[in-house]
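# Architecture and fold: a report
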Amino acid sequence: MSQSHPRISKAVIPAAGLGTRFLPATKATPKEMLPVVDKPAIQYVVEEAVAAGLDDVLMVTGRNKRPLEDHFDRNYELESALEKKGDGERLAKVQESSDLATMHYVRQGDPKGLGHAVLCAAPHVGDEPFAVLLGDDLIDPRDPLLQRMIEVQQEHGGSVVALMEVAPEQIHLYGSAAVEATTDADVVRLSGLVEKPSREEAPSHYAIIGRYVLDPAVFDVLSKTEPGRGGEIQLTDALQQLAADATLGGPVHGVIFQGRRYDTGDRGDYLRAIVRLACEREDLGPDFRTWLQRFVTEEMQQR
Ligand code: G1P
């Protein structure tokens, strides 16, 4: 059965948001370029796509996003300065991001929501299934989620979203899904989706986290999707239509993720992500953990 579904090679990364939650840092710098330890958040996301075998990456950008293109391009001046100094280690770091993937860019123009951003990818993606990765969610490379989603898509066809169980008071921050069990413990079939429901309206505790593998039929549905929550064209609404009528573009499945996810979407989560990732780094972790332990003990004593 897996032979009947085309191989997935393209990843789409929406990166046109204004990043207002991080002002003034994001006045002249895209939020995707904010460092998480010592790497821009967006580089983790591109690395994740590449690790899942997707080496054709389309970024959907907007105004102010030039630094993103520069980051994934060569920087000859810096490279030759580091070469002259014989600093091979830093040279490798500079070259890492430009050697990662084949990068493409398209501008969203009007920021009319995630669904609209995905629709901007239609001419590049064409008639193949593709992945969408949202930059605010970082998935630990030791817990490969996207690979599993691709496997599920190759088995069932249609579209696949990533789901995570969240506390009832958190569900209004996410898209949520009504689910039915399948024979695989980590896979469910979606029968309905709602964007950012209230606690009472939520069909389950399952939240959609920012990873999708989509059938190209989603483009046609998106082009007819009216603005939904927040006056924006919502990807969740298009997926709801696909889930309601499998003849449009196959079924919609969910992979239940229980691994490590770091949210960088708001300031508190961003700080937590940096601390967690810094603790786990082989080079920085040991010293940083010792300092952090002392810092926390002192803080507790003062309270
Ligand atoms: C978007 C989606 C939402 C999803 C979330 C995951 O919302 O619209 O369905 O649950 O990403 O991070 P945003 O966080 O961009 O408002």
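Use the structure listed above.
Here's a quick rundown of the structure. (Residues numbered from 1 in each chain as written. Predicted model: local features only at pLDDT ≥ 70, side-chain atom pairs only at ≥ 80, totals over all residues. Heavy atoms only, no water.)

## Some remarks on the overall build of the chain
Summing up its helical and strand segments, the chain has twelve helices and 13 strands in all. Here the chain has a C-alpha radius of gyration of 20 Å; the compact-globule value for 303 residues is 19 Å, and the two agree. For the chain, the spread of C-alpha atoms along the principal axes amounts to about 60 × 50 × 40 Å. Buried residues in the chain amount to 49% of all 303 residues. When contacts within the chain are restricted to residue pairs at least 6 apart in sequence, those whose partners lie at least 24 apart make up 76%. Here the chain displays about 15600 Å² of accessible surface, and carbon together with sulfur accounts for 50% of that area. Counting 33 positive and 48 negative side-chain charges, the chain places the averaged centre of each group 5 Å from the other. (Helix = DSSP H or I, 4+ residues; strand = E, 2+ residues; numbered from the N terminus. Rg over C-alpha atoms; globule rule 2.2 N^0.38 Å. Buried < 20%, exposed > 50% of the residue type's maximum accessible area, 1.4 Å probe, protein only. Contact = heavy atoms within 4.5 Å. Areas by Shrake-Rupley, 256 points an atom, 1.4 Å probe, with all protein chains shown as cover. Lys, Arg positive; Asp, Glu negative; His and termini not counted. Charge placed at Lys NZ, Arg CZ, Asp CG, Glu CD.)

## Looking at the packing of aromatic side chains
Counted under the stated rule, the structure contains four aromatic pairs. Here Phe288 and Trp291 contribute two aromatic rings whose centre-to-centre distance is 5.7 Å and whose plane-to-plane angle is 25°, an arrangement assigned as stacked. Taken together, the residues span about one helical turn, with Phe288 and Trp291 both in helix H12 (residues 285–302) at a distance of three residues. Overall, Phe288 belongs to the partly exposed group, its relative accessible area being 24%. An aromatic cluster is defined as three or more aromatic residues linked by ring pairs; in this entry it consists of Phe288, Trp291 and Phe295. (Phe/Tyr/Trp six-rings, centres within 6.5 Å; stacked < 30°, edge-to-face > 60°.)

## Focus: the pairing of strand S10 (residues 187–195)
Sheet topology places strand S9 (residues 175–181) next to S10; seven bridges connect them, and they run antiparallel. Note on S10: the bridge partner recorded for Ala177 is Leu193. Examined bridge by bridge, S10 and strand S12 (residues 252–256) share three bridges and lie antiparallel to one another. Opposite Val188, over in S12, you have Gly254 as the bridge partner. (Pairing = 2+ DSSP bridges.)

## Considerations on the site of the ligand
Neighbouring the ligand are the residues Leu114, Leu134, Asp137, Tyr174, Gly175, Glu195, Lys196, Ile208, Gly210, Tyr212, Gln234 and Thr236. In this structure, Lys196 approaches the ligand through a side-chain N or O atom, which is 2.6 Å from an oxygen atom. Thr236 has a polar side-chain atom sitting 3.2 Å from an oxygen atom of the ligand. Compared with its free state, where it exposes 390 Å², the ligand has 76% of that area covered by protein. (Near = heavy atom within 4 Å. Polar contact = N/O pair within 3.5 Å; in protein donor to acceptor, adjacent residues only side chain to side chain.)

## Some words on the environment of Glu201
Here Glu201 lies in the loop between S10 and strand S11 (206–214). Residue classification places Glu201 among the partly exposed positions, given a relative accessible area of 49%. As for Glu201 and Ser176, which are separated by 25 residues in sequence, their C-alpha atoms are 9.6 Å apart. Here Ser198 takes part through its backbone nitrogen, which lies 3.0 Å from a polar atom of the side chain of Glu201.

## A few points about the side chain of Gln234
Note on placement: Gln234 falls in the loop between helix H8 (217–223) and helix H9 (235–244). The class for Gln234 is buried, based on a relative accessible area of 7%. The contacts of Gln234, once residues within four sequence positions are left out, are Gly115, Glu195, Leu222, Thr225 and Arg229.

## Concerning the nonpolar core
Membership of the largest hydrophobic core comes to 44 residues, with the highest contact counts inside it found for Val46 and Leu146. Ranked by the residues each element gives to this core, the list is headed by helix H1 (residues 41–51), at six residues. Non-local contacts of Val46, meaning those with residues more than four positions away in its chain, are made with Ile13, Val57, Met59, Phe72, Leu100, Ala101 and Met103. Ranked by size, the runner-up nonpolar core spans 34 residues in total, among them Ala117, Val132, Tyr206 and Leu239. (Core = buried A, V, L, I, M, F, W, Y, C linked by side-chain atoms within 4.5 Å.)

## Regarding the environment of Glu200
Within the secondary structure layout, Glu200 lies in the loop between S10 and S11. The class for Glu200 is exposed, based on a relative accessible area of 68%. Each C-alpha atom, one on Glu200 and one on Ala167, is 13 Å from the other, the two residues being 33 residues apart in sequence.

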